[in-house]
Every structure is written in structure tokens, then in C-alpha cells.
Amino acid sequence: MTEAAMPIAPWLARQRQALLAQRGHAWLLQGPSGLGQYTLAMELVRAWLCDAPTPDGACGHCTSCHAIDVRAHADLCVLMPETQMVELGWPLPEKAQAEIDDKKRKPSREIRVDAMRDAVEFAQRTSARGRGKAVLVYPAEQMNHVTANALLKTLEEPPGDVRFVLATEAAHQLLPTIRSRCLGHTMVWPQEAEMLQWLAAQGVAPDAAGAYLRAAGGRPADALALAQAGRSPEAWSRLPRAMARGDATALADWSPAEAVDALQKLCHDLLAQRVGAAPRYFEAADLPTPPGVGPLTRWGRALAKEARTADHPFNAGLMLEALAAQARNTLHSRH
């Protein structure tokens, strides 16, 4: 099934309809991860460029919709980190692809200023299909200051037929001048019953959907990703006790980045429990007795530092063992 043919979540469909009913040349979709910023941004550009749009979005059948499906629309410019473009099936510019193929550099994890300058030049051109142009920036927080400044003037005084949608999971990291030039939309957090129904419709077992949703912190898209990755709810519930034992085998099928994320969730819940709040990611019964606030705070800082290099560790196996040992030491700390 193509991306366009897949029905979007009902809460995203309602937001799409509300945004399409409003006028504006630039939208900033903001909110935590897992709420569908990229999906909603794609729905907006589909409708803007569609040959036969409706109040509910693009038709899904016209030449424009097909061109977006095959990632070849002449009037759509997508700005993402190169790593994310590859992951989502978007072609890289010829020059960038050649540099990567020739091993001159690795795919960028930021939105490059060269790509932004190409996007500004794209905005100045005449529409190829006569229905205007669209620029999608995701995740917008991956623009550094130089890249963001290259966008400012075009965002403030755009050509008459170009529209922008920026989607972000960290709006506070954007330049204030970027935020002030966009109409802001905060992503809606759906009701739990609606999320559970949607997860079941995606093939997630009803008796496991709640566990996945809890592990994802109530974020439906993240919960679906956990389910599709084959993560076991039972293994998730056993993780806190395994870390108290320093059992690195509990992390064996996780990448270092995934392991750090899971341990940050565990640290959050233990800290919440220590100060009298309810845990968010794990059941209270699955958590060991938390140590003091001091050790947990230091562990949280250490995990944040590990997260910066988790995507490219020197040795993944050693890193997982070190993470498990660090967790055990923290959970048994008495200071």
C-alpha cells in the first residue's frame, strides 16, 4: 500500500481539515515525538499541490499525488538531514549523492546550508505544474543557525505561489525569528481509547497495545514503531529488574541509541517515583526501589551525554555492557 493510500489516524485527519480551512504561507507543526508531525506535514503539501483537492485533503489519484508517491514532484522541495531522507525514501541531490558514493563524506545528520540555499532558489522559480510550490522542512530543529538564517528572508517575503510547512519535535530549539514568521499549530494529543483503537486497526494485538503505548509515553506513532520492531511487552516489563542486576543480555537486541532511550525512560520513572509522582513508561510494580535523587540525577546527566554518541559508538557491545553496569551501580547506590 502506498503512503498516500494508507488511511491516516483520525486525530490527524481532523487536524488536516482544520489547517486546510485556514490561509497562510507558512505553518509550524510542533509537539513531542510520536504525534505525527511528518505525516501531517505531508498531508498538507499533498493537498496544496493536488490537481483536485477537497476540504479533507488530496485526492490521492491525480498526477500530482502520484508524483509525490514516487518522490519526484517538480514543485515539492523536501529539506531533511540526509540520513533521514534516505530512511524515508527521498532522493538526495545529485551532488550530495555523488560525494557520499565517492566516500568524500558521510550523510549529514543536520539540514545542510547548501540544501537550504537550493530550496531558496527553488522558491524563486516558476511553478512547473501551475499549482504553486511547497517546501517541507523536517525535523526543523535540525537546521543550525546558518541554515536557518538562509531561510529567514524567503520565509518572511515568499514568492506568491510558494508555501512552507516546518515540522518539529523541539520548537524551543528553533530561532525565535523562524517561529515568529510561521503560523503555529500544536499537535493534538489524542485520547487513549482512540489511540488503542487505532493501534488495533494497525494490527497490534489489543492485549499488548496498552503496554506499547505506555512504553512510548503515550505517543501513538512511537507505540506502533515499537510493535512493528517486534519489541516484547514482557521484555519491557522485565527491563528494570534486569538493570538492577546489571544484566546486559536484556539489552542484547537493542542498538545503543535504543538502549539509551529505554534507560532514560527508566531513570525518569524512578525519579518520578522517588519524588512521589506516578511513573510514565513502566508499571509501578515492575520498578525496583529507587535510589536517592542525587544518584538518579547524575545517571540522567550521564545518559544524556551517552545519547550524543550512541548512534556511532566505538564498540556497540562494550557500550551496552557499560550501560548495564552504570544502571546497576546507580540502582544500588546509597548516596
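Predicted model only: the values in this text are computed from it and were never measured.

### Quick look at the overall build of the protein chain
Within the protein chain, the regular secondary structure consists of 15 helices and 5 strands. Since a compact globule built from 335 residues should have a radius of gyration of about 20 Å, the 22 Å found for the protein chain is in line with a globular shape. Taking the principal axes of the C-alpha coordinates as reference, the protein chain spans close to 65 × 45 × 35 Å. Contacts spanning at least 24 positions in sequence make up 69% of the contacts within the protein chain whose residues lie at least 6 apart. When the accessible surface of the protein chain is split by element, carbon and sulfur atoms take 52% of a total near 16800 Å². Charge centroids of the protein chain, computed over 36 positive and 36 negative side chains, lie 5 Å from each other.

### Here we look at the domain arrangement of the protein chain
Split by domain assignment, the protein chain resolves into domain 1 (10-186) and domain 2 (232-332). Computed from C-alpha coordinates alone, the two centres of domain 1 and domain 2 are separated by 35 Å.

### Examining the nonpolar core
Counting 70 residues, the largest nonpolar core has Leu29, Val165, Met243 and Trp299 as the members making the most contacts within it. Considering each element in turn, this core owes the most residues, 8 residues, to helix H2 (residues 37-49). Structurally, this core is a two-domain feature, drawing no fewer than three residues from each of domain 1 (10-186) and domain 2 (232-332). Setting aside residues no more than four positions away along its own chain, Trp299 makes contact with Leu263, Leu266, Cys267, Leu270, Gln326, Ala327, Thr330 and Leu331.

### Points about the packing of aromatic side chains
Enumeration according to the criterion identifies 4 aromatic pairs in this entry. Measuring from centroid to centroid gives 4.4 Å for Trp236 and Phe282, while their planes differ by 5°, and the two rings are stacked. Residue Trp236 is found in helix H12 (residues 233-244), and its partner Phe282 is found in the loop between helix H13 (256-274) and helix H14 (293-307); the two are separated by 46 residues along the sequence. Assessed through its relative accessible area of 12%, Trp236 is described here as buried. Each member of the aromatic cluster is reached from another via a ring pair, and the members are Trp236, Trp254 and Phe282. If you follow Arg71 out to its NZ or CZ, it ends over the ring of Trp90, 4.2 Å from the centre. Across from the ring centre of Trp254, 4.4 Å away, lies the NZ or CZ of Arg231, which sits over that ring.

### Quick word on the pattern of salt bridges
For the structure shown, the criterion picks out 18 salt bridges. Across the pair Arg16 and Glu43 runs a salt bridge, and its minimum N-O distance is 2.6 Å. One end of the pair, Arg16, is in helix H1 (residues 10-20); the other, Glu43, is in helix H2, and 27 residues separate them in sequence. Taking the relative accessible area as the measure of exposure, Glu43 reaches 9% and is therefore buried. Two residues, Glu157 and Lys153, come together in a salt bridge whose shortest N-O distance is 3.5 Å. Residue Lys153 is classed as exposed on the basis of its relative accessible area of 59%. In the salt-bridge network here, residues are joined through shared partners; they are Glu82, Glu99, Arg105, Arg112, Asp114 and Arg117.

### A few points about the sheet that holds strand S1 (residues 26-30)
Here 5 strands make up an open sheet; going across it, the order is S2-S3-S4-S1-S5 and the pairing parallel. The sheet is open, and its two edges are formed by strand S2 (76-79) and strand S5 (183-186), each paired on a single side. Taking each pair of neighbouring strands and ignoring which way they run, the sheet shows an average axis angle of 15°. With 5 bridges connecting them, strand S3 (residues 133-137) and strand S4 (residues 162-168) associate as parallel partners. In the sheet register, Val137 faces S4, and the bridge partner there is Leu166.

### Digging into H2
Here H2 is 13 residues long and its end C-alpha atoms lie 19 Å apart, about the 18 Å a rise of 1.5 Å per residue gives. Along H2, 12 of the 13 residues are buried, which leaves the element largely enclosed by surrounding structure. Of all the positions in H2, only Gln37, Tyr38, Leu40, Ala41, Met42, Glu43, Leu44, Val45, Arg46, Ala47, Trp48 and Leu49 are classed as buried.

### Points about helix H7 (residues 145-156)
With 12 residues, H7 extends 16 Å between its outermost C-alpha atoms, agreeing within 8% with the 16 Å of an ideal straight helix rising 1.5 Å per residue. Here H7 has its buried residues at Thr147, Ala148, Leu151, Leu152, Thr154 and Leu155. Looking at the buried positions of H7, the neighbouring elements they touch are S1, helix H6 (113-124), S4 and helix H8 (176-180).

Cut-offs applied
Residues numbered from 1 in each chain as written. Predicted model: local features only at pLDDT ≥ 70, side-chain atom pairs only at ≥ 80, totals over all residues. Heavy atoms only, no water. Helix = DSSP H or I, 4+ residues; strand = E, 2+ residues; numbered from the N terminus. Rg over C-alpha atoms; globule rule 2.2 N^0.38 Å. Contact = heavy atoms within 4.5 Å. Areas by Shrake-Rupley, 256 points an atom, 1.4 Å probe, with all protein chains shown as cover. Lys, Arg positive; Asp, Glu negative; His and termini not counted. Charge placed at Lys NZ, Arg CZ, Asp CG, Glu CD. Domains from an automatic or database assignment. Core = buried A, V, L, I, M, F, W, Y, C linked by side-chain atoms within 4.5 Å. Buried < 20%, exposed > 50% of the residue type's maximum accessible area, 1.4 Å probe, protein only. Phe/Tyr/Trp six-rings, centres within 6.5 Å; stacked < 30°, edge-to-face > 60°. Lys NZ or Arg CZ within 6 Å of the ring centre and 35° of its normal. Salt bridge = Lys/Arg side-chain N within 4 Å of Asp/Glu carboxyl O. Pairing = 2+ DSSP bridges. Axes fitted to C-alpha atoms, helices over the stretch in contact; angles between N-to-C directions. Expected span 1.5 Å × (residues − 1).

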